[in-house]
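Below are the chains, spelled out letter by letter.
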Amino acid sequence: DRLHSNRSGTAIFNMEFSVADRFPVPYAVFLPRVGNTAEVWLNDFLLSRFGDINISKELDFAKTPQFVLIPAQVLQANNALRIVIHADGGRRGGLSVVTVGPEEPVRKLYLTAYRWRVTGSLIVAMFSLVVGVMALALWAAHGEPAQAGEAKRDGVYLSAAVAQLCWAVRMSDVALVDPPLAWPWWEMVQISAYAGWFCCVGLFFHHVAGWNRHPSMKWVRRFLWALWLSAAPASYIANTRGTELFLTAWLGFVSLIFLVYGSFYFWNAMRQTGYEIRLVGAVGMLNVVVALRDWLVIRVGGSFDFVPWLRFSSLLFGLVLGYIVLNRFRAASRQARDLMINMADRVAEKEHALAASYGQLEQLAREQ
């Protein structure tokens, strides 16, 4: 995409390598990123095929690292490795650095990359899904007393639930080689899920700080909603008109906005005495810095097989939400315990007063 301005096409990479031993150990090829579809040939022998290079905008094997075992009978002293790829415009197709060598060390490289890119992403997706469902259940089951006598739902839990569910959708994409929607509609869903995550995280901060109660801060919610709704059009324009720079600029604008918002929130949080808002401010600022670094490395720098750090630092939001829930549960339990003690004392006082009243009545009855 960076080299050909998001135009689709086919590329052929020819490489050569030699094997010194006459009877070598089994060899393998490690491809950190290849695609969107590809074929791997060695000495005019097809080693592996990742999808059909003649079909566009369906399968995407560039999401996961690939491992190809080389049969011993194909390996020669001098070998010609040919990799044919078909790249769909806008889907980050291409070829990363190719590693060829003995099977065991090459497989270790592959497993390490697979754990970070696939297994780690799926763990984050499952964690986000569980936290999102729990936060949604808390939002549905608990409410704050409103002035009209009805229960008002706590926006902290709702914003956290939507953010975590959006992040689960975003992280699960790594396992979907055959996405449920055609290109570019599936990319629009992914960008919208990403935007929903950071916008709802911003609303989560907003509620934790109590800014939602201030009339002068209502514009923040409207701005975050507008930012979320602008994600799908930005993705569509970038992927249909061959303007990757447009989506890069949009993500850069979002990163700058949240850098300013996160810095302002962190500065105000550190001035507060409560540990809850301080912890939220520190986690938020850390994730803003990590997101800005990912944008600079991947979008601006053009790194092809870089694993975004944000997918792992995002786990801190779920942990912070768990801390807030436990802290509020502890406060509610303490309040209920104090209420029970006060009620028991008042009941004892009433019983004592009733006993004294009965004694006076009995004395009056005896006198009569």
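For the structure itself, consult the block above.
All of these numbers come straight from a predicted model, not from anything done at the bench. (Residues numbered from 1 in each chain as written. Predicted model: local features only at pLDDT ≥ 70, side-chain atom pairs only at ≥ 80, totals over all residues. Heavy atoms only, no water.)

Draft legend 1. Summary view of empty space enclosed by the protein. Applying the stated rule across the entire model yields two cavities of 30 Å³ or more. Quantified by volume, the second largest cavity comes out at close to 50 Å³. What lines the second largest cavity is simply Ser159, Ala160, Ala163, Gln164, Cys200, Val201, Phe204, Phe317 and Leu321. Elements with a contribution of two residues or more to the lining of the second largest cavity: helix H2 (155-172), helix H3 (185-208) and helix H9 (315-367). (1 Å grid on protein atoms, 1.4 Å probe; cavity = no way out; pocket = protein on both sides within 12 Å on 5 of 7 lines; lining within 4 Å. Points joined across faces, edges and corners; volume = space filled by probe spheres on them. Helix = DSSP H or I, 4+ residues; strand = E, 2+ residues; numbered from the N terminus.)

Draft legend 2. Summary view of the pairing of strand E7 (residues 78-87). Within E7, seven of the 10 residues are buried, which leaves the element mostly enclosed by the surrounding structure. Bridge count for strand E1 (residues 9-18) against E7 is 10 bridges, and the pairing is antiparallel. In the sheet register, glycine 9 faces E7, and the bridge partner there is alanine 87. Here strand E4 (residues 37-42) runs beside E7; their pairing, made up of six bridges, is antiparallel. (Buried < 20%, exposed > 50% of the residue type's maximum accessible area, 1.4 Å probe, protein only. Pairing = 2+ DSSP bridges.)

Draft legend 3. Up close: the nonpolar core. Among the nonpolar cores identified, the biggest contains 54 residues, and Trp197, Phe198, Phe204, Phe205, Trp250, Tyr265 and Val280 are the most heavily contacted of them. Breaking this core down by element, the ones donating at least two residues are helix H1 (103-141), H2, H3, helix H4 (218-229), helix H5 (231-240), helix H6 (244-270), helix H7 (275-300) and H9. No other element matches H3, which puts 13 residues into this core. Val19, Val29, Leu47 and Phe61 belong to the second-largest nonpolar core, a separate cluster that totals 20 residues. (Core = buried A, V, L, I, M, F, W, Y, C linked by side-chain atoms within 4.5 Å.)

Draft legend 4. Molecular detail of H4. For H4, which comprises 12 residues, the first-to-last C-alpha distance of 17 Å matches the rise-based estimate of 16 Å (1.5 Å per residue) to within 8%. Among all positions in H4, only Val220, Leu224, Leu227 and Trp228 are buried. Mapping the buried residues of H4 onto a view down its axis gives an arc of 100°, with all of them on the same face. Set apart from the buried face of H4 by more than 90 degrees, the exposed residues are Trp219, Arg222 and Leu229. (Expected span 1.5 Å × (residues − 1). Arc of directions from axis to C-beta.)

Draft legend 5. Main features of the state of the cysteines. Enumeration over the complete set of coordinates arrives at zero disulfides. Free of any disulfide, cysteine 166 has its nearest neighbouring cysteine sulfur in cysteine 200, separated by 5.6 Å. For cysteine 166, a relative accessible area of 13% corresponds to the buried category. Free of any disulfide, cysteine 199 has its nearest cysteine sulfur in cysteine 200, 6.9 Å distant. The buried category is assigned to cysteine 199, whose relative accessible area is 1%. (Disulfide = S-S within 2.5 Å.)

Draft legend 6. Layout of a nonpolar patch on the surface. On the surface, Leu339, Met340, Met343 and Val347 cluster together into a nonpolar patch covering about 400 Å² of accessible area. Mapped onto the secondary structure, valine 347 falls in helix H9. (Patch = residues over 30% accessible without salt bridge, like charges linked within 9 Å, V, L, I, M, F, W, Y side chains within 5 Å. Areas by Shrake-Rupley, 256 points an atom, 1.4 Å probe, with all protein chains shown as cover. Salt bridge = Lys/Arg side-chain N within 4 Å of Asp/Glu carboxyl O.)

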